[in-house]
Every structure is written in structure tokens, then in C-alpha cells.
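Chain and residue survey
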Amino acid sequence: MAITYGFIGLGHLGRHLAGSLVRDGFDVTVHDLDPGNAKDLLANGARWADDPQAVAQAVDAVITCLPSPRVSERVLTGERGILAGLKPGGTWIEMSTLDEQEVLRLGKIAADRGVRMLEAPVTGGVHLAASGEITVITGGDADLHALHLPAFEAMGNRIFRAGPLGKASVIKVITNMLAFIHLIATGEALMLAKKGGIDLTDAFNIIKASSGNSFVHETEGQVILNGSYNINFTMDLAVKDLGFALGFGREFGVPLDLASHALQTFIRARSTYGGDAWSSQVVKLLEDATGTDLRTGLSSGTLSEESERRHLRRSVFPAKKPKDISRLLPWHHIRPSLPMISPAHSMGCTRICASSVRTRWPAAIPARIRQIWPPASWRSLLRRLRRRH
């Protein structure tokens, strides 16, 4: 029997993760403090529940994507929380970014009630969540990871297991720490280029092609240059995650000079622009200090043109579900990829290597379908065809 999922927390990130599950055919029950956040999900097949307990009573596993450890604990243990409704043997999947000790503490509370916990924070940005291409990092028992792997594959295209419970939170905080440091560095580099008389578009492209490039430069650099600053990640969240990183530094005995400086810079930016300001506005501190903006001719918006195209295509559910286009894709189009099928078996059927799906398999798809359907839908279609053949 297929696993049913609940999803609690439909904010900037959660609504896209839940949307990927709905789009891939999973049975999903959702809840959020703002029912309006669930409108598109409900229109495309999800069901609504009035509180976390009602969600948990209706499903086998509950996923949460929430803004802080305090909120996660309240949703888990509250009077009408998850533990009040989830049956023994169920799974709680926490996709929020928490401190390792919080994960272990909450995991023990769940275990005492017969519920198993799996942490699964994500990284890569909201735009990759919208296109089904975000990276998912799990921590917890290997069998639990394997059980829920199809759901993670629906939400992302690179899935890692970091080890036992708590370890995913450590590496997730590390990746965020690096991103915040890179963000400050990108702002300084672009300002130095402008003050040095270099056209900012040229500077952006040269850095992008250089050894100094980073994912943050390629993505967040654009929303700085176009002036939107919108990456759907707030100052409050940045300060929270950098605080976690400094906590790990103290716990593990590792001096974190750059992270310490970054945290102070973000605290200053939060006090200047507010906790709800986008975290990329940390660069605005430098703009204000120099009296020079970093605007250029890059198109306005929150993402690059290609990322925005994927974002819009995945945010609005397709009129036809992926299974409907299987008629357009005869089996012979997939045959060239058969040598790349991994003989890894899950629940009695052959599973396609994720790396093959991401890289080589799309080459076998007609161009007219590649233009319409993003990689996450190819994977969904491949799973359907796998079951058929």
C-alpha cells in the first residue's frame, strides 16, 4: 500500500515541497496557519486538515517545514499536535533547519510515543524547490531513509543520507554558513569592481567564469544586481542558522572567525532593515556605507531567466499530469538508456539510478517534451513507465 503523507508548514519553501509530492501523485493532507497558502495544493488534489492532530490521524507520515525549533516542538507536542494523532509506528519527517541537540531531543520525545523521526533539511534555494531540483539531506535510520526515498525523489534530484539522526542538521547548517559568507563576499567583490570602473554586468560574468565563482554569486548575485534582493529567505532565518553554526563551533572546539564576522554583519543588517527583510539585503549595508548602488542591466525579478522559467512552470501545476504524456513517449525512446539502469531493487522493482535520470536519460526524450517537462517530471514519468514495463 502506498504511503500517505501529511505536510504542515506551507510557507515560501514548504508549499513547493508539498506541491512536488502532489504533482508526483502522492496522497497528501496539508495544514498551515494561513489556509490561503494551501489553495493551489487543494485545487490539485491535496486534502485539508484543520490542525496537526487531524493531519496525523489521516496519514502514515507527517512532514513539517517550520520557521524555528520552538514552532516545531509546539506542532509536535501541542494539545492537538502531531503526537496526539499519529499512530505508533508512524514517521515524523522534519524538513526545518534545527540544531543537532534539538533534533535529538525531539526525536526522543517522538520515540517515547512510538513515532520514528527522520530529519530531511533541504538546500539549494526556494527556486530549486519550485522546480523539483532541490537537494535533500536526511539523517536517521537507513531503513527509514529507504522507505521514504520515493517521496524525497519527488521533491528533489539529489538525495543524501548524512548518517544517524542529528547529522543532517549539522551539514545543513554548514552549507548555510558557507552561503552567508559567500553572500557577503559577493557584495564586496561587486562593489570593488564598480568602484574600480568595471561594468557590473561584465564583472558578474567574469566572476561567474572564474575560480572565484560560487553558487551564491550565480543566483543571489543576480537579485542584488537587479535590485529585488528577493531570495525568499529572511534576515531572521539567516541569523538563526549562523547562530546554530557558532554553537557547533563551540561544541566541537572549532574557531569560526568568518562565521562570527558574518553573524555580526547579519545582526547589524537585521537591526537596520528588519527581520523580515530578505537576507541578501545584507549587501545593502555596503551600498549605504559607500553611497553607491549595485544596480545593472540584469532583468528584474527573483531568479535568473532560466530559473524563473522553471519556477513558473513548476509553480503552476500542469494541465495534464506526467502520466498523460506517456502516450507521446514510446518505449523505444527509453531503450537507449537501458544499459544505465541500476539493478538496485526497492520493494520488488528495479529503480533507475538518479544520476542517470538527471544526466543521460533526458537525451533519449524527444525535444518537444524536454521543452515542456522539467527533469522532475521526467523522473516521475520514468517511474510510471518502469512499473508498466
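Since this is a predicted model, take the numbers as computed values, not measurements.

Next up on the list: the overall build of the protein chain. What the protein chain contains, in helices and strands, is 18 helices and 11 strands. The buried share of the protein chain, taken over its 389 residues, is 52%. Carbon and sulfur atoms provide 56% of the accessible area of the protein chain, an area that totals close to 17,500 Å².

This brings us to the packing of aromatic side chains. One pass over the full model with this rule turns up four aromatic pairs. With 5.6 Å between their ring centres and 5 degrees between their planes, F248 and F252 make a pair best called stacked. Of this pair, F248 and F252 both sit in helix 12 (residues 235–252), four residues apart, which is roughly one turn of that helix. Chaining the aromatic ring pairs together yields one cluster made of F180, F233 and F266.

With that out of the way, let us pick up unusual backbone geometry. Although it is not a glycine, Y229 sits at a positive phi angle of roughly 60 degrees. Mapped onto the fold, Y229 is located in the loop between helix 11 (215–225) and helix 12. The class of Y229 is buried, set by a relative accessible area of 6%. Look at N232: it is not a glycine, yet its phi comes out positive at around 60 degrees. Tracing the backbone shows N232 in the loop between helix 11 and helix 12. Of the residues examined, N232 reaches a relative accessible area of 22% and is grouped as partly exposed.

For the rest of this paragraph, the subject is the nonpolar core. M177, L183, L242, F266, V282 and L294 are the most contacted members of the largest nonpolar core, which has 36 residues in total. At nine residues, helix 9 (residues 167–195) tops the list of elements feeding residues into this core. Within the second largest apolar cluster, 29 residues are counted, among which are L17, L41, V122 and F152.

On to the side chain of S169. For S169, the position within the fold is in helix 9. Here S169 falls in the buried class, since its relative accessible area comes to 2%. For S169, the side chain forms a polar contact with the main-chain nitrogen of E100, separated by 3.5 Å.

Quick look at the packing of helix 4 (residues 69–77) against helix 5 (residues 100–112) now. Where helix 4 contacts helix 5, the two axes come as close as 11 Å, and the packing angle between them is 5 degrees. When the interaxial angle is binned, helix 4 and helix 5 end up roughly parallel. Contact with helix 4, carried on its side by P69, S72, E73, L76 and T77, involves E102, R105, L106 and I109 of helix 5 and no other residues of that element.

Of the two faces of strand 4 (residues 61–64), the one carrying A61 and I63 and the one carrying V62 and T64 are both buried. Here four bridges tie strand 1 (residues 5–8) to strand 4, and the two strands are oriented parallel to one another. Bridge pairing links G6 to V62 in strand 4. Two elements, strand 4 and strand 5 (residues 91–94), share four bridges in a ladder whose sense is parallel. Pairing of V62 across the sheet is with W92, part of strand 5. The parallel pair strand 4 and strand 5, bridged by helix 4, forms a crossover whose chirality is right-handed.

Before going further, it helps to examine the side chain of E94. As for its position among the elements, E94 is in strand 5. Apart from residues no more than four positions distant in its own chain, E94 is found in contact with T64, C65, S72, M117, L118, E119, A120 and P121.

Positionally, G212 belongs in the loop between helix 10 (200–208) and helix 11. Given the relative accessible area of 52%, G212 is considered exposed. Each C-alpha atom of the pair G212 and T186 lies 9.5 Å from the other, and the pair is 26 residues apart in sequence.

In this section: the packing of helix 9 against helix 11. Remark: helix 9 packs on helix 11, axes separated minimally by 10 Å, with the N-to-C direction vectors making an angle of 55 degrees. Taken together, the axis directions place helix 9 and helix 11 in an arrangement best described as oblique. Handedness of the helix 9/helix 11 crossing: right-handed. Residues A179, H182, L183, T186 and L190 of helix 9 touch helix 11, and the partners they reach there are V216, H217, E220, G221, I224 and L225. Taken together, the residues of the contact of helix 9 with helix 11 break down into six nonpolar, four polar and one charged.

The next point concerns the confidence of the model for the protein chain. On average, residues of the protein chain score 83 in pLDDT, and 76% of them reach the 70 mark or higher. Below pLDDT 50 for its whole length, residues 303–372 participates in 107 contacts with residues either more than four positions away or in separate chains.

Let's shift gears to helix 12. For helix 12, built from 18 residues, the straight-helix expectation of 26 Å at 1.5 Å per residue is met to within 8% by its first-to-last C-alpha distance of 26 Å. Within the span of helix 12, buried status applies to M235, A238, V239, K240, D241, L242, F244, A245, L246, G247, F248 and G249. Looking at the buried side of helix 12, the elements it contacts are helix 4, helix 5, helix 9 and helix 13 (257–273). Just downstream of helix 12, G253 is the residue with a positive phi angle, here 70 degrees.

Conventions and cut-offs
Residues numbered from 1 in each chain as written. Predicted model: local features only at pLDDT ≥ 70, side-chain atom pairs only at ≥ 80, totals over all residues. Heavy atoms only, no water. Helix = DSSP H or I, 4+ residues; strand = E, 2+ residues; numbered from the N terminus. Buried < 20%, exposed > 50% of the residue type's maximum accessible area, 1.4 Å probe, protein only. Areas by Shrake-Rupley, 256 points an atom, 1.4 Å probe, with all protein chains shown as cover. Phe/Tyr/Trp six-rings, centres within 6.5 Å; stacked < 30°, edge-to-face > 60°. Core = buried A, V, L, I, M, F, W, Y, C linked by side-chain atoms within 4.5 Å. Polar contact = N/O pair within 3.5 Å; in protein donor to acceptor, adjacent residues only side chain to side chain. Axes fitted to C-alpha atoms, helices over the stretch in contact; angles between N-to-C directions. Parallel < 35°, antiparallel > 145°, perpendicular 65-115°, else oblique. Contact = heavy atoms within 4.5 Å. Pairing = 2+ DSSP bridges. Right-handed = clockwise from strand over helix to strand, strands pointing away. Left-handed = near helix turned anticlockwise from the far one by under 90°. Nonpolar A, V, L, I, M, F, W, Y, C, P; charged D, E, K, R; others polar. pLDDT = per-residue confidence, 0-100. Expected span 1.5 Å × (residues − 1).

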